[in-house]
Amino acid sequence: MYAERVLQKGLRTQVFGNKIYTFDTIDSTNNCAKAVADIGASEGTVVIAEEQTAGRGRLGRPWFSPPSQNLTFSIVLRPQLNNEVLNLLPLYTAVAVAEAIERTTSLKVECKWPNDLLINKKKVGGILIEGSFKNGKIEYAVIGVGINVNLDVFPPDLSEKASSLRIELNAEVDRARLFQEILRSLERHYRRTLKKGFQSVVPEWITHSSMLGKTITVSQHGNALSGIVKGLSQDGGLLLQTNGTVMTLFAGDISVLES
Ligand code: BTN
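## Regarding the pairing of strand β2 (residues 46-52)
Here's step 1: β2 sits mainly inside the fold: 6 of its 7 residues count as buried.
Here's step 2: Where strand β1 (residues 20-26) meets β2, 6 bridges bridge the pair, whose relative direction is parallel. Residue pairing across strands places Ile20 opposite Val46, the latter belonging to β2.

## A word on the sheet that holds strand β11 (residues 245-249)
Here's step 1: The strand order β11-β10-β9-β8-β12 describes an open sheet built from 5 strands, whose pairing is antiparallel. Either end of the sheet is taken by a strand with one partner, and the two such strands are β11 and β12 (253-256). Here the average twist between neighbouring strands, direction ignored, is 45°.
Here's step 2: One ladder, built from 4 bridges, connects strand β9 (residues 223-232) with strand β10 (residues 238-242); its direction is antiparallel. Looking across to β10, one finds that Val229 is bridged to Leu240.

## A look at the sheet that holds strand β5 (residues 116-119)
Here's step 1: Within the open sheet, the 7 strands sit side by side as β1-β2-β3-β7-β6-β5-β4. Their pairing is mixed. Of all strands in the sheet, those with a lone pairing partner are β1 and β4 (110-112), marking the two edges. Between one strand axis and the next, the sheet turns through 20° on average, direction left out of account.
Here's step 2: Here 10 bridges tie strand β6 (residues 122-134) to strand β7 (residues 137-147), and the two strands are oriented antiparallel to one another. Within the sheet, the bridge partner assigned to Ile129 lies in β7 and is Ile143.

## Remarks on the site of the ligand
Here's step 1: As a structural note, the neighbourhood of the ligand is formed by 20 residues, with Ser28, Gln52, Arg56, Arg58 and Lys123 the closest of them.
Here's step 2: In this structure, an oxygen atom belonging to the ligand sits 2.5 Å away from a side-chain N or O atom of Lys123.
Here's step 3: Out of a free accessible area of 410 Å², the ligand has 97% covered by protein chains.
Here's step 4: Only α2 (29-38), β3 (71-77), β6 and β7 provide two or more residues apiece to the shell around the ligand.
Here's step 5: Counted by class, the shell around the ligand contains 5 nonpolar, 11 polar and 4 charged residues.

## Looking at the nonpolar core
Here's step 1: If you look at the biggest cluster of nonpolar residues, it comprises 59 residues, and the most contacted ones within it are Leu71, Phe73, Leu165 and Leu186.
Here's step 2: Of all the elements, helix α3 (residues 89-105) adds the most residues to this core, at 10 residues.
Here's step 3: The two domains that each donate at least three residues to this core are domain 1 (4-207) and domain 2 (215-256).
Here's step 4: Other than its neighbours up to four places away in sequence, Leu186 contacts Phe16, Phe73, Ile75, Tyr92, Thr93, Ala96 and Val97.
Here's step 5: Listed in part, the 11 residues of the second largest apolar core include Cys32, Ala33, Val36 and Ala41.

## Some words on the packing of aromatic side chains
Here's step 1: By the definition in use, this model includes 4 aromatic pairs.
Here's step 2: On the numbers, 6.0 Å between centres and 40° between planes, the contact of Tyr92 with Tyr190 is tilted. In this pair, Tyr92 sits in helix α3 while Tyr190 sits in helix α6 (residues 175-196), placing the two residues 98 residues apart along the sequence. For the residue pair Tyr92 and Tyr190, the accessibility class agrees, reading buried in each case.
Here's step 3: Note on Tyr92 and Phe198: the rings are 5.9 Å apart at their centroids and 80° apart in plane angle, and the pair reads as edge-to-face.

## Thoughts on the pattern of salt bridges
Here's step 1: One pass over the structure, following the stated rule, counts 14 salt bridges.
Here's step 2: The salt bridge partner of Glu181 is Arg12, with a shortest N-O separation of 3.7 Å. Note that Glu181 is positioned in helix α6 and Arg12 in the loop between α1 (4-8) and β1, a separation of 169 residues in sequence.
Here's step 3: Note on Glu181: relative accessible area 8%, which makes it buried.
Here's step 4: Classification of Arg12 by relative accessible area gives exposed; the value is 54%.
Here's step 5: Arg191 is the salt-bridge partner of Glu187, the closest N and O atoms lying 3.8 Å from each other.

The rules behind these values
- Residues numbered from 1 in each chain as written.
- Predicted model: local features only at pLDDT ≥ 70, side-chain atom pairs only at ≥ 80, totals over all residues.
- Heavy atoms only, no water.
- Buried < 20%, exposed > 50% of the residue type's maximum accessible area, 1.4 Å probe, protein only.
- Helix = DSSP H or I, 4+ residues; strand = E, 2+ residues; numbered from the N terminus.
- Pairing = 2+ DSSP bridges.
- Axes fitted to C-alpha atoms, helices over the stretch in contact; angles between N-to-C directions.
- Near = heavy atom within 4 Å.
- Polar contact = N/O pair within 3.5 Å; in protein donor to acceptor, adjacent residues only side chain to side chain.
- Areas by Shrake-Rupley, 256 points an atom, 1.4 Å probe, with all protein chains shown as cover.
- Nonpolar A, V, L, I, M, F, W, Y, C, P; charged D, E, K, R; others polar.
- Core = buried A, V, L, I, M, F, W, Y, C linked by side-chain atoms within 4.5 Å.
- Domains from an automatic or database assignment.
- Contact = heavy atoms within 4.5 Å.
- Phe/Tyr/Trp six-rings, centres within 6.5 Å; stacked < 30°, edge-to-face > 60°.
- Salt bridge = Lys/Arg side-chain N within 4 Å of Asp/Glu carboxyl O.

Dropping the structure here:
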């Protein structure tokens, strides 16, 4: 079981994690983080749980969150920024979390647009951003992070496409240490990104991704569109070339056809 005291010991951050709500079981750390943000939780407040009974992913999908094996947590951010950066938040998070995993395990992590973290082409982590907005500004954003850390058996529907750090590393990973490294990386990137402008996450994300130049298929509302990835727009959209025209996509499920 997580204890706030243990997670904070050795946490080398200034603001992120100053308050950590820990749970054995919760429906979703994002739900709880939104609830505490609604009543004024300060920037950097974290909600972490050993198990989620209704963990959520993008597009309303469930996020598999069995007890005591993975990392599932959410953090409250209050950037004084317009809604326009919303699509850049998953990219910022992906880069910061990828670097923390790489530093902790030496595994190479790849970012897959928009919210996925892959190792050896299998998904080991996902990011779910939710928020509250007022007059075109972000009142708060909740950054939900799920990482398959020490899970070694996946349900049949996930086993083909998902993996964990433990499987890829062939060794158990210290979850508290990884959590601390992620929080530190998130804070460092957040400060730097706020200073340099949120668009600066785009080139950083591209260096962590191998999607550029690949032929992919994007499924959106039951329709499939194939094209070549040309890059990312300044507001975090995926630039896809189809039949000579480049379009910008902001949502969808990607499958990579060509490597
Ligand atoms: C995805 O890949 O679709 C995103 C998955 C995000 C899962 C995390 S686990 C912590 C936080 N709480 C949730 O209910 N979801 C996010």
